[in-house]
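Breakdown of the fold
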Amino acid sequence: MTTARLRNWLRGAWRFAQALVRDDAYDAYLAHHRHAHPETPPLSRREFYLREQERKWSGVSRCC
Amino acid sequence: MGKVLWACVALIGAFAIGGIALHRGETINAMWIIVAAACVYALGYRFYSAWIATRVLLVDETRATPAHRLNNGRDFVPTHRWIVFGHHFAAIAGPGPLIGPTLAAQFGFLPGTLWILVGAVLGGCVQDMTVLFLSTRRDGRSIGQMARDELGPVGGYAAIVGTLVIMIILIAVLGLVVVNAMKHSPWATATVFATIPIAILIGLYLRNIRPGRVLEASLIGVALLLFAVIGGGALNEHETLRTWFDYDGKPLAWFVIIYGFVAAVLPVWLLLAPRDYLSTFLKLGTIFLLAIAVVVMSPDIKMPAVTQFIDGTGPIFGGKLFPFVFITIACGAISGFHSLVASGTTPKLISNESDVRLVGYGSMVLESCVAIMAMIAATLLDPGVYFAINSAPGVVGATAAEAVRTITSWGFPVTVEQMTELAQQMGEETLFARTGGAPSLAVGMASIFAGAFGSKMLAVWYHFAIMFEAVFILTTLDAGTRVGRFMLQDALGHLWKPLGRTSWYPSVVLTSGLVVAGWGYFLYIGVVDPNGGINILWPLFGIANQLLAGIALCVVTGILIKQGKLRFAWVSAVPLAWIALITTVAAWEKVVSSDPRIGFLAAADQLAARLAAGTLPEAQAAVANQLIFNQRLDAVLAVILTAILWIVIADMLRISWRVVRGLPVPPSSETPANAAAPAQ
């Protein structure tokens, strides 16, 4: 019982950490894409990652 | 029940602050400060931020946010508020809140601590939250755009120029901090150098091996960084290897400059993005660890509450308590730079308007906590040691014996043996005149970690702290260079179209080179300046940062008044008035003061007179002309920054006056509540 709970808790923590670094961004993009533009093929994970990096660092995203 | 609880919080807070204020002993336990801070933050968050949200901003939980309306699965994505909180905090917390309080500790622990608390709760947090809210209501528009839309073109241009100047000064001063931390320290230099191939390795991993798996890649990277810290220690023991990493300030400055240029023109996935992931991990982890360690150790604060240096004779930077403590501590109390993030990435993630309280106000509370921890880390050192590390040779004397004599004569006893032993413990050659704040902060952090976790690895903790600071300073350095480049390309694109194309390589190289040359110049002068450079650059940075806060608060005040909320306008107008006062007084003193330790022009004149009389030592005479020119340039910059602030204030007052008189003003740029999602 307690190990199962611990495992659950650890999985939750890992998921939260993944969300914090936006590892889930690609899945969110896929879900959105399937819903909004079903007629065009989505970007691959790698293309998506590279394009997002480029966009993210084109503005102010870090402070002093 | 709730009321009783909050009354208790208020009582405990008042008791702790009273305890600190009335304390008359040699030392005071840091727990007093921690409890006082916790109560002030809790009250500010629970009551003031809630009141602003419900009564002033009229937060509407039922209104669709841009993340929902414009959801594109990329930048506009409705996100859980704790995730947005994490992102926003990671974006606003840089080295600023660590360095500012360390420098301001020369006034004693009390002035800086009070300003951090009051400034954050009534100023910084309010700015961040209101800007975030207003930008969320305007589809995530930037502060510059909002200034243009709501006040007029003048405010918009001022925001752009202000941002460019602050970026240049910020990068220069942070570069100087890194250079001073690496100077003649093979261990620190080797570790910082090692962070570059590690970041590249992670970049390749994220692109080619496991695309976009950031969490696992970051964990690998952090493990490698820790290994690099320990490896640096081993290298430091090696007779010949260590000489490969033993450099003077000038070559290190050139290294930082060349590095900054290369990093800015490389693709982001290779170096910038992966290093940012690593620095975010380190940042959150270290801050978390430091918070635990401070509570576990609850160190005694050895610095007096207030030192004699409030009279303006401070060795770290010249100038009286007012206004210079407020300029020195910008990040941690109020930082205009945050308004750029709060009106950039974050508003596009907000999934419900009610989240702006946690994300805007809450993140700044946490950043302010970081500043308090930095203050504790600086003031738990023996004051004599603190001043010996942070005072430039031009102030206390070039040799260890002279420095020790000068500092002891101020009433802060310290001996050469004590400093030698401390340096040995930290694995450094010397800790004298390691200005910039990073080394003394690292000594403080190492003492806290070693004290709390009962470890004898002081030297490893010290270099871990240096690596930690260096990693995110380097991130700021090339992220800032890129932002400066984009702004420059945007401006030059008006002169000649191709220069504005952000992907045209010649334009990228040219504009990056110009930005790097801008901050590289100030960095280089800072390194050759015998007074340490920090004395010049940090106040300029503070003024520039507060100027940006002034512009953001002008936009907020102007919008509140346009919305007919004149009676609530003080929420942003009071911090604005304070910012305007301290920046103007500080700039005035930096320009006209006859004390060469404070006034740029007085310093230039003094140097010129000594050069003409031939009384300068040879080494100084060689660079005197550059230093004289730089001081005059700094005076001009201070005047320009202040002028920009007052132009925006005048513009805001003009709009407000027109509102009050019922004259036409630019229409509100707020997105209507019933705006539909655009057709896909």
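Coordinates for the structure precede this section.
A short tour of the structure in this document, coming up. (Residues numbered from 1 in each chain as written. Chains lettered and ligands numbered in written order. Predicted model: local features only at pLDDT ≥ 70, side-chain atom pairs only at ≥ 80, totals over all residues. Heavy atoms only, no water.)

On to the overall build of chain A. Looking only at helices and strands, one finds three helices and zero strands in chain A. Taken from N to C terminus, the helices and strands of chain A fall in the order α-α-α. By the compact-globule yardstick of 11 Å for 64 residues, chain A is too spread out, its C-alpha radius of gyration being 16 Å. Once the C-alpha set of chain A is aligned to its principal axes, its extents read approximately 45 × 40 × 20 Å. The buried share of chain A, taken over its 64 residues, is 34%. (Helix = DSSP H or I, 4+ residues; strand = E, 2+ residues; numbered from the N terminus. Rg over C-alpha atoms; globule rule 2.2 N^0.38 Å. Buried < 20%, exposed > 50% of the residue type's maximum accessible area, 1.4 Å probe, protein only.)

Attention now goes to the interface of chain A and chain B. The interface of chain A with chain B comprises 32 residues on the first partner and 53 residues on the second. Carbon and sulfur atoms make up 63% of the area that chain A and chain B hide from each other, which totals about 3800 Å². Its largest share of buried area at the contact with chain B, chain A owes to W57(A), R62(A) and C64(A), together 22% of the area lost on that side. Taken together, the links from chain A to chain B amount to one salt bridge. At the boundary of chain A with chain B, the tally comes to seven residue pairs in polar contact (both at pLDDT 80 or more). Secondary-structure elements contributing two or more residues to the side of chain A that touches chain B are helix 1 (2-20), helix 2 (25-36) and helix 3 (45-56) of chain A. The element that contributes the greatest number of residues to the side of chain A that touches chain B is helix 3 of chain A, accounting for 11 residues. Its residues assigned to classes, the side of chain A that touches chain B comprises 15 nonpolar, seven polar and 10 charged. (Contact = heavy atoms within 4.5 Å. Buried area = accessible area lost by both parts, 1.4 Å probe. Salt bridge = Lys/Arg side-chain N within 4 Å of Asp/Glu carboxyl O. Polar contact = N/O pair within 3.5 Å; in protein donor to acceptor, adjacent residues only side chain to side chain. Nonpolar A, V, L, I, M, F, W, Y, C, P; charged D, E, K, R; others polar.)

Another aspect to go through is the packing of helix 2 (residues 30-56) of chain B against helix 15 (residues 356-379) of chain B. Residue and element names in this part refer to chain B. With their axes 11 Å apart at the nearest point, helix 2 and helix 15 run at an angle of 165 degrees to one another. On the basis of the axis angle, helix 2 is roughly antiparallel to helix 15. Considering how the two elements wind past one another, helix 2 and helix 15 form a crossing that is right-handed. Within the contact between the two elements, helix 2 uses A30, I33, I34, Y41, G44, Y45, R46, Y48, S49, A50 and A53 and helix 15 uses R357, L358, Y361, G362, V365, S368, C369, I372 and I376. Grouping the amino acids of the contact of helix 2 with helix 15 by side-chain chemistry returns 14 nonpolar, four polar and two charged. (Axes fitted to C-alpha atoms, helices over the stretch in contact; angles between N-to-C directions. Parallel < 35°, antiparallel > 145°, perpendicular 65-115°, else oblique. Left-handed = near helix turned anticlockwise from the far one by under 90°.)

This brings us to the side chain of S669(B). All names here are of chain B. You can see S669 is positioned in the segment after helix 26 (618-661). In terms of polar contacts, S669 uses its side chain to reach the side chain of E150, at 2.7 Å. Ignoring anything within four residues of it in the chain, the contact list for S669 reads R138, R141, D149 and E150.

Residues and elements named next belong to chain B. As for its position among the elements, F193 is in helix 9 (residues 186-209). Residues F193 and G232, 39 residues apart in the sequence, show an inter-C-alpha distance of 10.0 Å. For F193, the contacting residues outside a window of four places in its chain are F245, Y247 and F255.

Moving on: the environment of L488(B). Following the sequence through the fold, L488(B) ends up in helix 21 (residues 458-493). Taking the C-alpha atoms as reference, L488(B) lies 44 Å from A423(B); in sequence the two are 65 residues apart.

What follows covers helix 2 of chain A. An α-helical turn contains 3.6 residues, so any two residues separated by three or four positions project in the same direction. All names here are of chain A. Here helix 2 spans 16 Å end to end across 12 residues, near enough to the 16 Å set by a 1.5 Å rise per residue. Among the residues of helix 2, A25, Y26, Y29, L30, H32, H33 and A36 are the ones counted as buried. Here the buried face of helix 2 lies against helix 3. (Expected span 1.5 Å × (residues − 1).)

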